[in-house]
Amino acid sequence: MSKDKDKGSVDPNRRAVVIGGAAAVAGVAAGIVIGGNAFPKLLKETIIEKQPEVVTKTVTQTQTVQVPVQQTYQKQMVANYNSLTVGSPVTTTYMGYPITIVRTGVKSVGGVGPNGDVVAFSNVCVHMGGPVQYDPKTNCGVCPYHYSQYDFTRGGTQVIGHPNQFLPQVILEYDSTTGNIYALGFNRLLYGVYDNIAQASSSSSS
């Protein structure tokens, strides 16, 4: 009978342990809830900064460049072949510069016409600017200042005297249909000028 009693009865100490354990579990659960509310989780916030938009602007600059006008010799009629006779010079001007045109009677360097004997030269001596005069006996241009001579049949090469260069020759063109003779330019720099074309308008026209 005492054994049956023992089976049906509950040990008060054991009940206390169970109740205490249950209370402890409840306390832990309550602590977790309270602790979670008391110490909220830190949220990581990602902040994206918007960079300012850089706009590249292309500026096209237009630069005005002044191109100098190229100056050239003029084409100018200076004689007619039918009006020229051998040994008789004709003095005229080309672009304001005084020149001498002559038929030498022999084929000459730079000569034009049916016989290639019409030539033209500056009549200003390259030594000191004296007036060059044609001598039909020698076919030379002679300066009376210092007697410098230039051969008109050989491109104005100096023969005697002080000059150390050729007499400037006029470049000629011959029109066989009309007999007209045109000056197209000089083959070298003239005496007393630095630019034949640029100074042509201010040259003396004797």
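For the structure itself, look to the data block above.
Keep in mind that what you see is a predicted model, and the values were worked out from it rather than measured.

The rules we used
Residues numbered from 1 in each chain as written. Predicted model: local features only at pLDDT ≥ 70, side-chain atom pairs only at ≥ 80, totals over all residues. Heavy atoms only, no water. Helix = DSSP H or I, 4+ residues; strand = E, 2+ residues; numbered from the N terminus. Buried < 20%, exposed > 50% of the residue type's maximum accessible area, 1.4 Å probe, protein only. Contact = heavy atoms within 4.5 Å. Areas by Shrake-Rupley, 256 points an atom, 1.4 Å probe, with all protein chains shown as cover. Pairing = 2+ DSSP bridges. Core = buried A, V, L, I, M, F, W, Y, C linked by side-chain atoms within 4.5 Å. Axes fitted to C-alpha atoms, helices over the stretch in contact; angles between N-to-C directions.

**Quick word on the overall build of the chain**
Part 1 of the reasoning: Helices and strands together make up the secondary structure of the chain, namely two helices and 10 strands.
Part 2 of the reasoning: For the chain, the succession of helices and strands along the chain, N to C, is α-α-β-β-β-β-β-β-β-β-β-β.
Part 3 of the reasoning: Taking all 206 residues of the chain together, the buried fraction comes to 33%.
Part 4 of the reasoning: Intrachain contacts of the chain at a sequence separation of at least 6 include 43% that bridge at least 24 residues.
Part 5 of the reasoning: In the structure as shown, the chain presents an accessible area of about 14,500 Å², 55% of it carried by carbon and sulfur atoms.

**Some remarks on the pairing of strand 3 (residues 97–103)**
Part 1 of the reasoning: Where burial is concerned, most of strand 3 is hidden: seven out of the seven residues are buried.
Part 2 of the reasoning: Residues Tyr97, Ile99, Ile101 and Arg103 of strand 3 are buried on one face, and the alternating residues Pro98, Thr100 and Val102, pointing to the opposite face, are buried as well.
Part 3 of the reasoning: Taken together, the five bridges between strand 2 (residues 90–94) and strand 3 define a ladder with antiparallel strand orientation. What sits directly across from Val90, in strand 3, is Ile101.
Part 4 of the reasoning: The hairpin formed by strand 2 and strand 3 contains two residues between the paired strands, and Met95 there has a positive phi angle of roughly 55 degrees.
Part 5 of the reasoning: Pairing between strand 3 and strand 4 (residues 118–122): five bridges, direction antiparallel. Of the residues in strand 4, the one forming a bridge with Val102 is Val119.

**Considering unusual backbone geometry**
Part 1 of the reasoning: For Asn139, which is not a glycine, the phi torsion comes out positive at approximately 55 degrees.
Part 2 of the reasoning: Structurally, Asn139 is set in the loop between strand 5 (133–135) and strand 6 (140–142).
Part 3 of the reasoning: At Tyr147, a residue that is not glycine, the phi angle is positive and equals roughly 60 degrees.
Part 4 of the reasoning: Tyr147 sits in the exposed class, given a relative accessible area of 57%.

**Considering the nonpolar core**
Part 1 of the reasoning: In this structure, Ile101, Val118, Leu172 and Ile181 are the most contacted members of the largest nonpolar core, which totals 20 residues.
Part 2 of the reasoning: Mapped by element, the contributors of at least two residues to this core are strand 1 (76–80), strand 3, strand 4, strand 9 (170–174) and strand 10 (180–186).
Part 3 of the reasoning: Beyond its immediate chain neighbours, meaning those up to four positions away, Ile101 contacts Val78, Ala79, Leu84, Ser88, Pro89, Val90, Thr92, Val118, Val119 and Ala120.
Part 4 of the reasoning: Counting residues in hydrophobic clusters, the runner-up holds 11 residues, among them Val102, Cys125, Val126 and Val132.

**So, the sheet that holds strand 6**
Part 1 of the reasoning: Judged by pairing direction, the sheet is antiparallel, and its four strands sit side by side in the order 5-6-7-8 without closing on themselves. At either end of the open sheet lies a strand with only one pairing partner, and these are strand 5 and strand 8 (157–160). Between one strand axis and the next, the sheet turns through 35 degrees on average, direction left out of account.
Part 2 of the reasoning: Across three bridges, the pairing between strand 6 and strand 7 (residues 149–151) is antiparallel. Bridge pairing links Val142 to Gln149 in strand 7.

**Details of the pairing of strand 10**
Part 1 of the reasoning: Summarising burial for strand 10: six of the seven residues are buried, a large majority.
Part 2 of the reasoning: Pairing of strand 1 with strand 10, which is carried by four bridges, proceeds in the antiparallel orientation. For Ala79, the partnering residue across the bridge sits in strand 10 and is Ile181.
Part 3 of the reasoning: For strand 9 and strand 10, the ladder comprises five bridges, and the chain directions are antiparallel. The residue of strand 10 that forms the bridge with Tyr174 is Ile181.

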